[in-house]
Amino acid sequence: EEQSVEVPVFSAASYVCQRHTGQPGHNPLLTESLAVLAESAELNGDEGRGLAFRRSEALLRSLDRRVQGMTDLRGLPCLGEHSRRVIQDVLVNGRSSEVEETKASSRYKAMKVLTGVFGVGVKTAKRWFTEGICLKHYADLNQPVTRDEADSVSVTVEAAVCSVLPGAQVTLAGGFRRGKTSGHDVDFLITHPDEGKEEGLVRKVVACLESRGFLLYHQTTKNTYQESAQGAGRPSSNMDRFERCFSIFKLTNGGDPRDTRRAQEQAEGREPDQTASAGSRPWRAVRVDLVVSPISQFAFALLGWTGSKLFEREMRRWAVHEKSMTLSSHALYDKNQERYLRASSEEEIFSHLGLEYVSPSGRNA
Ligand code: GTP
Ligand code: MN
Ligand code: MN
């Protein structure tokens with residue numbers, strides 16, 4: 001008699017931070033469907049449901065081949081009943097009716113436009129929206145930032161940083177560090193090899209950029225982080241306390257932003273035509289995040305600001321549940337040893353956490 005041994009088609013570790021997740025993956029139809037449902041749940045404020053769909057999406061994106069049928073998914077972690085139903089629908093019918101209905105709903109469409117601009121949560125998007133920033137630069141901010149544009153912003157930021165604090169280091173973080181070819185913004189992490197020299201740097205850099213006409217909007221928050229005896233922050237909180245600046249850059253098609261009178265007028269908010277398309281003027285608006293970290297926290301800040309959001313979240317979950325540690329963009333605290341674990345590189349942090357190192361390009365969960 002024949003005995004059939006079931007060999008799993010795929011295998012995967014349960015935490016996102018234990019896997020390499022590139023993009024876009026081998027199952028784009030499935031991952032896109034799950035992403036829509038994740039987004040919709042997030043927009044409705046249902047974070048738990050959103051997270052469940054995000055984990056399913058990340059899992060499918062980490063698979064090294066195309067899923068042929070439901071049996072391929074036997075034994076895989078992270079896939080809840082609802083996700084499996086959606087996957088089955090797509091595998092059998094080529095589409096999921098639930099996904100189609102969600103995409104067609106006006107609420108989803110409206111909020112997608114709003115959050116798509118800033119790549120932030122609904123609450124923040126609403127705040128920006130009421131400030132009129134969204135409307136003013138809507139067309140530009142809705143257009144993805146290319147790698148070339150990110151590099152061009154880098155040159156400007158580096159020049160400004162270097163002129164206000166020689167020796168300071170600027171690192172491109174966020175999606176571009178993960179190898180993405182486009183993004184909703186450009187993220188920079190700034191530090192200085194001498195601890196303390198970085199204090200107040202954001203304000204100086206912003207003043208410099210502003211005087212050179214590179215800023216259309218900026219909102220700076222100062223550093224409020226202090227280590228406490230109880231350990232680093234709440235593990236669930238992903239907001240950090242670095243000195244940082246949300247800004248909107250005026251990216252010119254080359255040269256100085258003051259080259260034209262029109263550009264100058266726009267920088268001062270006296271634009272003659274608010275609905276002008278990017279094609280008719282020599283610049284465009286680009287969202288830029290500037291974050292300053294002391295060198296002693298740099299590895300944690302770099303890890304935290306490289307993302308993806310889900311990858312970071314899963315690392316913090318791993319830390320708490322598997323290692324009894326709390327991880328933040330500032331520090332790693334070991335609750336059993338009751339002490340902070342220092343690190344000067346991302347590799348060291350992974351190692352403290354008992355995780356195999358995942359390079360930035362594998363953190364696209
Ligand atoms: P795109 O910008 O859409 O290309 O993707 P991205 O991954 O670069 O996203 P985003 O710029 O929103 O964030 C980059 C990284 O910074 C992500 O890992 C976020 O989790 C992280 N990040 C964003 N805001 C904060 C924050 O307030 N605190 C901390 N610690 N991290 C943040
Ligand atoms: Mn980004
Ligand atoms: Mn950002």
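Residues numbered from 1 in each chain as written. Chains lettered and ligands numbered in written order. Predicted model: local features only at pLDDT ≥ 70, side-chain atom pairs only at ≥ 80, totals over all residues. Heavy atoms only, no water.

Asker: Got a minute to help me understand the coordination of the manganese ion (ligand 3) in this structure?
Answerer: In an ideal tetrahedron of four donors about a metal, each angle is 109.5 degrees. In an ideal octahedron of six donors, the angles are 90 or 180 degrees. Binding of the manganese ion (ligand 3) to the protein goes through D185 (OD), D187 (OD) and D289 (OD), at separations of 2.1 to 2.2 Å. Sequence positions of the residues that donate to the manganese ion (ligand 3) give the spacing D-x1-D-x101-D. Between the manganese ion (ligand 3) and the manganese ion (ligand 2) the interatomic distance comes to 3.6 Å, and D185 is a ligand of both metals. For D185, a relative accessible area of 6% puts it in the buried group. The exposure class assigned to D187 is buried, which follows from its relative accessible area of 9%. (Donors = N, O, S within 2.8 Å, 3.2 Å for Na, K, Ca; no water. Buried < 20%, exposed > 50% of the residue type's maximum accessible area, 1.4 Å probe, protein only.)

Asker: Quick question: what am I supposed to make of helix α8 (residues 147-164) here?
Answerer: Relative to the 26 Å expected for 18 residues at 1.5 Å per residue, α8 spans 26 Å between its end C-alpha atoms, a close match to the ideal helical length. The complete set of buried residues in α8 reads E149, A150, V153, S154, T156, V157, A160 and V161. (Helix = DSSP H or I, 4+ residues; strand = E, 2+ residues; numbered from the N terminus. Expected span 1.5 Å × (residues − 1).)

Asker: What is the right way to read the pairing of strand β7 (residues 283-292) from this model?
Answerer: A regular strand carries its side chains on alternate faces of the sheet. Here β7 lies mainly inside the structure; ten of its ten residues are buried. Neither face of β7 is open: one carries W283, A285, R287, D289 and V291, the other R284, V286, V288, L290 and V292, and all of them are buried. Sheet analysis places strand β4 (residues 186-191) next to β7, joined by five bridges and oriented parallel. Residue D187 lies in a different strand from β7, and its bridge partner there is D289. In this structure, strand β6 (residues 243-252) lies alongside β7, joined through ten bridges in antiparallel fashion. When the sheet's bridge partners are listed, F249 is paired in β7 with V286. (Pairing = 2+ DSSP bridges.)

Asker: Which parts of the structure should I look at to understand the nonpolar core?
Answerer: Within soluble globular proteins, side chains that are nonpolar tend to cluster in buried spots. Core analysis: the largest hydrophobic core is formed by 29 residues, its most contacted members being V157, V186, F188, L209, F249, V288 and L290. Those elements that provide at least two residues to this core are α8, β2 (169-172), β4, α10 (201-211), β6 and β7. The greatest single-element share of this core, amounting to six residues, is contributed by α10. (Core = buried A, V, L, I, M, F, W, Y, C linked by side-chain atoms within 4.5 Å.)

Asker: How should unusual backbone geometry be read in this particular structure?
Answerer: Most peptide bonds take the trans configuration, and most residues that are not glycine carry a negative phi. Across the junction of Q23 and P24, the peptide omega takes the value 10 degrees, indicating a cis bond. Mapped onto the elements of the fold, P24 is located in the segment before α1 (28-43). Look at the link from G307 to S308: it is a cis peptide, with omega at -5 degrees. A positive phi angle, near 70 degrees, is found at C78, a position not held by glycine. Counting through the fold element by element, C78 comes out in the loop between α2 (47-62) and α3 (81-93). Its identity is not glycine, yet E338 carries a phi of approximately 55 degrees, on the positive side. Classification of E338 as exposed rests on a relative accessible area of 62%.

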